[in-house]
Amino acid sequence: MTLIERDLGTPAPRGASRDAQLTQVELEIDGQPVRVAEGTSVMRAAALVGVDIPKLCATDRLDAFGSCRMCLVEIDGRKGTPASCTTPVAPGMKVTTQSNKLERLRRGVMELYISDHPLDCLTCAANGDCELQDMAGAVGLREVRYGYEGENHLHLEKDTSNPYFTFDTSKCIVCSRCVRACEEVQGTFALTIEGRGFNSRVAAGFKGNFFDSPCVSCGACVQVCPTATLTENTVIELGQPRRTVLTTCAYCGVGCSFKAEMQGEQVVRMVPHKDGGANEGHSCVKGRFAWGYASHPDRQLEPMVRESIEDEWKKVSWEEAIAFAATKLKAVQAKYGQNSIGGITSSRCTNEEVFAVQKMVRTAFGNNNVDTCARVCHSPTGFGLKNAFGTSAGTQDFKSVEYADVILLIGANPTDAHPVFASRMKKRLREGAKLIVADPRQIDLVRTPHVEASHFLQLRPGTNVALINSMAHVIVSEGLVDEEFVKERCEPVDYTLWREFVTRQENSPEAMEAHTGVPAAEVRAAARLYATGGNAAIYYGLGVTEHSQGSTMVMGMANLAMATGNLGRDGVGVNPLRGQNNVQGSCDMGSFPHELSGYRHVSDDATREMFQELWGATIQAEPGLRIPNMLDGAIDGKFKGIFVQGEDIAQSDPNTVHVQAALRSMECVIVQDLFINETAKLAHVFLPGTSFLEKDGTFTNAERRINRVRPAMRPQQGKHEWEAVCDLANALGHPMRWNSSAEIMDEIARLTPTFAGVSFKYLDEVGSVQWPCNEQNPTGTPIMHKDRFVRGLGKFTPTPYVPTEEKSTRKFPLLLTTGRILSQYNVGAQTRRTKNVEWHHEDLLEIHPSDAEERGVRDGEEVTIASRVGSTVLRAKVTERVAPGVVYTTFHYPVSGANVVTTENSDWATNCPEYKVTAVQVSPGRTAATVELDHPEHRLGALVRMANQIARQWSADPTADAIASTAKHLETFWEHDMRVDLARAIESGSVTVDEIVVQAMQRLTVHA
Ligand code: SF4
Ligand code: SF4
Ligand code: SF4
Ligand code: FES
């Protein structure tokens, strides 16, 4: 059975705050007494007592619209038959939902709809899941008096331009749900109803097809469409799903809940779960559609070993692989010492899998050399927030943004990196909240439909701390501090010291302008708005943390929030937008070399004692090695073995040349992953991992929400990842056993005070919970630090601005900064193996027109980008999104090697790499020193782009002339050796990108 979510027709009314008590209204519906909150619609009130009024244009995901006239009711004392979806309840109201008159009216409306609708229910993809079909049944429609011969829309063509869903206009009833979903839920405004009356129809963008419109493929329109007009291609291909598994997206830190709708072990579609605490029924293109990588032929399903990285891989049984790995690790430790090996946990894995790896390192390896990939993203968040407030986590839940009046967004690009949260944020901004953006690059939110930032502080890369100090200077010197909050909630001496520090003239916006490049008046205005505009919330991303002063900046933001009293309630706070799905969880689970789970230092005797007693092993009291120390140790010949869980450090860590050299110098590299990635190419043991569809465990998202990840299918390679880790620990001589991942969570709860109340059983009951969840907070903690900070009094810390050593010079005059794009995810290992490559098939270098002109760089042409550590080639995109002196790229493709040029600079407190600032030079064309770019993947990308372009062109204009002219184009294209790539790719059947090419070619053939 699939899980059907009940639709109450219209949304619940919202109060001014989450705890607001709404006035209750009593009325009668069909003789039943009903008591609901003021502002509730009659339709929703009826649904709440089990009376489902027929409807077509209404859904509880969208504001009532009142266009279809199906939901008519009678109300005592009122004339006519009002629409129940747009009529609010009133005290004493008496409503009738069923009468002969109403039935007649509804049947008449339905008759009109059906007379202009294809009668192909039996062969329609939505058969059994179609609201039009259901409503026709509900109103008892048996015949259509008007016949089907008159003017109709049945001849309209399908739009198949989107790789994931089809728009079959002939089935559209013009209910506007899709248009409203795109506006209200997603906030993209890609759709409109064009024409009037009979000619009304849904249109995507100006070019008339979804692919070329501003559509971001979030799927919200598909989800709300009551007919088969907008349908997932997988449903068209496979038919309706038969069972549902509730699980969590494995991409970003938003942690959206999904219903995996299945046929046996085949995913038919992923549908965002309405009760998901993080997403409330919304999704982005990655979570909703980009799951095909899990069954991609590139996936490696058998364990493999080899003596040397020069040897061919040998496929072996699990037993042989584990024995081989254990023997090698033991040999390394025997030769180089107990501390010569370590492990890296992955923020892509579940809490349970991460916990297992850190336990294996601390017990079976016998050292604390465990670190996590959060080291290279959000470790400064942990450090900075713990220092200020006492907890290494964000202060709010996502819902809190609905109560913010001012949003200060620093170093984050939510519409690309955290899209579902961005939609929530945009909704609040459309309601009138003000936005301040601080970023070196003009992100979409600076100006996007119906949203415009009040202040865009386009600072130079690396000057965040200068900016935050100058904002603090304005707040203190202009008397905007919330003195009462500071007096009651913060350490007085620290506050006095900080106050003295920020008021110094050197921290004024005028003095800092020379560093930041942001006009002082703009900084002053933004600071005033933040301090006086009502509830002010800070949201930030890797543009804050991945700097040499990442931790300083986190403390700087915490200072600002405390000084203005913006903590401890709805609509405020300091909120990291975490990159990967389980960054928060992997940190919580004790993956840092100095901390056990729950952020307790390894030197704390009582904590260590608790773990030692349960684990039956001695835990070292000294912190172990961080990732950069492990890699440096490898180069120095002291660190010789590593277990890498689900992380491609050879591609994602900075200065990849250094990382690869370190891996090459090790004697035992064990990689547990889905694919043979760049790190696995340098490994001796490959242990196949599980995709999120096979995992059984939990992820913790950016708002500390612990979500269940439930297996939709069995592990395709025969074992859960934690089972392989247990096997390795056992083979190394330390007994480690659990019967299920639920037992691992029980162990986590037993050892970690903030998780004490968490269990799979509890999560099954409540859906999700935000830690701390324990005796004091039995139902979890959406908002932290309400009455007091976890550390007691909040701690102000002076944050002197220390310019990074990475400065532009004559040789490297530009500053490179990096980020993500919506359709791709991190190093692209997953998304590159999906149809998402249609949107982004290569990393581009954004460069300002003046810098481009100075260098003779032209849009779309190749450029060489060189830093003091390396060089690579990218295609240029000339744009004013970046300021003069700044260039920007993404890092989704190994072939572009963006991290080849990033340096080894890192945050002073946590060693988080300074990805966001690299001094570079850009020159047109290639130089001899650049990496080899004649990579099939690159050429294949170009091929895909061209094939699809032509296919779309022909779909839009299938005339003989158009075909002839583009065919000529195509001929030239075929002449090139790309044809060989295509043939090879199709022959090997190895990448999803091939399927796209094939599809595009099929479309061409059809048109030809
Ligand atoms: S596409 Fe679907 S949701 Fe949009 S107007 Fe047509 S029937 Fe309604
Ligand atoms: S998929 Fe999302 S962005 Fe695209 S049209 Fe539909 S609602 Fe709008
Ligand atoms: S916003 Fe993040 S968690 Fe949600 S669907 Fe998209 S990638 Fe997945
Ligand atoms: S459902 Fe009320 S008018 Fe359409």
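Everything numeric here is computed off the predicted structure, so don't read it as measured data.

1. Remarks on the overall build of the protein
On a plain count of helices and strands, the protein comes out with 32 helices and 37 strands. Across the 1008 residues in the protein, those meeting the buried criterion constitute 63%. Considering only residue pairs separated by 6 or more positions, the protein has 73% of its internal contacts joining residues 24 or more positions apart. Carbon and sulfur atoms make up 50% of the accessible area of the protein, which amounts to about 37,400 Å² in all.

2. A word on the sheet that holds strand 14 (residues 314–315)
Within the open sheet, the seven strands sit side by side as 14-13-28-27-26-15-16. Their pairing is mixed. Strand pairing shows two members of the sheet lacking a second neighbour, strand 14 and strand 16 (370–372), which therefore form its edges. Looking at chain direction, strand 13 (residues 304–305) and strand 28 (residues 685–688) are connected through two bridges and run antiparallel. When the sheet's bridge partners are listed, Met304 is paired in strand 28 with Phe686. The strands touched by helix 22 (residues 627–635) within the sheet are strand 15 (341–345), strand 16 and strand 26 (641–645), with strand 16 carrying the most contacts at an inclination of about 120°.

3. So, unusual backbone geometry
The step from Trp771 to Pro772 runs through a cis peptide bond, and the omega angle for that step is 0°. Following the sequence through the fold, Pro772 ends up in the loop between strand 31 (768–770) and strand 32 (814–819). Residue His785 is not a glycine yet carries a positive backbone phi of 60°. Relative to the helices and strands, His785 resides in the loop between strand 31 and strand 32.

4. Here's the deal with the packing of helix 13 (residues 464–477) against helix 15 (residues 492–503)
If you want to describe how two helices pack, look at the angle between their axes and the distance between the axes. The geometry of helix 13 relative to helix 15 is characterised by a closest axis approach of 8 Å and an angle of 105° between their N-to-C directions. As the angle between them shows, helix 13 and helix 15 are arranged roughly perpendicular. From helix 13, Asn469, Ala472, His473, Val476 and Ser477 reach across to helix 15, where they touch Trp498, Arg499, Phe501, Val502 and Thr503. Of the residues in the contact of helix 13 with helix 15, the class split is five nonpolar, four polar and one charged.

5. Here we look at the site of ligand 3
Neighbouring ligand 3 are Cys249, Tyr251, Cys252, Val254, Gly255, Cys256, Phe258, Cys284, Lys286, Gly287, Pro419 and Val420. Among the elements of the structure, helix 7 (285–289) and helix 12 (419–430) are those that each provide at least two residues to the shell around ligand 3.

6. Considerations on the side chain of Arg362
Mapped onto the fold, Arg362 is located in helix 9 (residues 351–365). From its side chain, Arg362 meets the backbone oxygen of Gly590 in a polar contact 2.6 Å long.

7. Some thoughts on the sheet that holds strand 6 (residues 165–168)
Ordered in space as 5-6-9, the three strands form an open sheet in which the pairing is antiparallel. Pairing within the sheet leaves two strands with one partner each, and these edge strands are strand 5 (158–159) and strand 9 (230–232). Where strand 6 meets strand 9, three bridges bridge the pair, whose relative direction is antiparallel. Opposite Phe167, over in strand 9, you have Leu230 as the bridge partner.

8. Examining helix 15
Quick reminder: α-helices carry 3.6 residues per turn. Residues three or four places apart thus point the same way. Here helix 15 contains twelve residues, and its C-alpha end-to-end distance of 16 Å stays within 8% of the 16 Å for a straight helix at 1.5 Å per residue. Those residues of helix 15 lying buried are Asp494, Tyr495, Trp498, Phe501 and Val502. Across the axial projection of helix 15, the buried residues extend over an arc of 125°, all falling on one side. Of the exposed residues in helix 15, those oriented more than 90 degrees away from the buried face are Pro492 and Val493. The inward-facing, buried residues of helix 15 contact helix 13, helix 14 (483–489) and helix 19 (550–563).

9. Remarks on the pattern of salt bridges
Per the stated rule, a full pass over the model turns up 56 salt bridges. A salt bridge links Glu678 to Lys681, with the nearest nitrogen and oxygen atoms 2.8 Å apart. According to the relative accessible area criterion, Glu678 is partly exposed, its value standing at 23%. Overall, Lys681 belongs to the partly exposed group, its relative accessible area being 44%. Among the ionic pairs, Arg855 bridges to Asp851, the shortest N-O distance being 3.8 Å. In this pair, Arg855 and Asp851 both sit in helix 28 (residues 849–855), four residues apart, roughly one turn of the helix.

10. Topic: the environment of Leu132
You can see Leu132 is positioned in helix 3 (residues 131–138). Judged by relative accessible area, Leu132 falls into the buried class, the value being 2%. Measuring from C-alpha to C-alpha, the distance between Leu132 and Lys55 comes to 9.1 Å, with 77 residues separating the pair along the chain. Each residue touching Leu132, except ones within four places of it in the same chain, is listed here: Leu56, Met110, Tyr113, Ile114, His117, Ile173, Pro226 and Thr227.

11. As for the pairing of strand 2 (residues 32–37)
Of the pairings in the sheet, the one linking strand 1 (residues 24–29) to strand 2 comprises six bridges and is antiparallel in character. Considered in strand 2, the bridge of Leu27 is made with Val34. A loop of two residues connects strand 1 with strand 2, the two strands running antiparallel in sequence, and Asp30 in this loop sits at a positive phi of about 50°.

12. Quick look at the packing of helix 13 against helix 17 (residues 520–532)
Two numbers describe how helix 13 lies on helix 17: the axes approach to 9 Å, and their chain directions differ by 65°. On the basis of their axis angle, the class for helix 13 and helix 17 is roughly perpendicular. For the element pair helix 13 and helix 17, the recorded crossing hand is right-handed. Contact residues: helix 13 offers Leu467, Ser470, Met471, His473, Val474 and Ile475, while helix 17 offers Val523, Arg524, Ala526, Ala527, Arg528, Tyr530 and Ala531. A breakdown of the residues in the contact of helix 13 with helix 17 according to their chemical character gives nine nonpolar, two polar and two charged.

13. Re the nonpolar core
Membership of the largest hydrophobic core comes to 70 residues, with the highest contact counts inside it found for Phe210, Leu230, Met425, Leu435 and Tyr539. Apart from residues no more than four positions distant in its own chain, Phe210 is found in contact with Asp159, Ser161, Asn162, Phe165, Phe167, Leu191, Ala204, Cys215, Cys221 and Leu230. In this structure, Val316, Trp318, Ala325 and Trp615 belong to the second largest nonpolar core, which totals 59 residues.

14. Examining the confidence of the model for the protein
When pLDDT is averaged along the protein, the result is 87; 88% of the residues meet or exceed 70. With pLDDT under 50 throughout, residues 928–945 is counted as low confidence; its partners more than four residues away or in other chains account for 43 contacts. In this model, residues 966–987 is a region of pLDDT below 50 whose contacts with residues beyond four sequence positions or in other chains number 29 contacts.

What counts and what doesn't
Residues numbered from 1 in each chain as written. Chains lettered and ligands numbered in written order. Predicted model: local features only at pLDDT ≥ 70, side-chain atom pairs only at ≥ 80, totals over all residues. Heavy atoms only, no water. Helix = DSSP H or I, 4+ residues; strand = E, 2+ residues; numbered from the N terminus. Buried < 20%, exposed > 50% of the residue type's maximum accessible area, 1.4 Å probe, protein only. Contact = heavy atoms within 4.5 Å. Areas by Shrake-Rupley, 256 points an atom, 1.4 Å probe, with all protein chains shown as cover. Pairing = 2+ DSSP bridges. Axes fitted to C-alpha atoms, helices over the stretch in contact; angles between N-to-C directions. Parallel < 35°, antiparallel > 145°, perpendicular 65-115°, else oblique. Nonpolar A, V, L, I, M, F, W, Y, C, P; charged D, E, K, R; others polar. Near = heavy atom within 4 Å. Polar contact = N/O pair within 3.5 Å; in protein donor to acceptor, adjacent residues only side chain to side chain. Expected span 1.5 Å × (residues − 1). Arc of directions from axis to C-beta. Salt bridge = Lys/Arg side-chain N within 4 Å of Asp/Glu carboxyl O. Left-handed = near helix turned anticlockwise from the far one by under 90°. Core = buried A, V, L, I, M, F, W, Y, C linked by side-chain atoms within 4.5 Å. pLDDT = per-residue confidence, 0-100.

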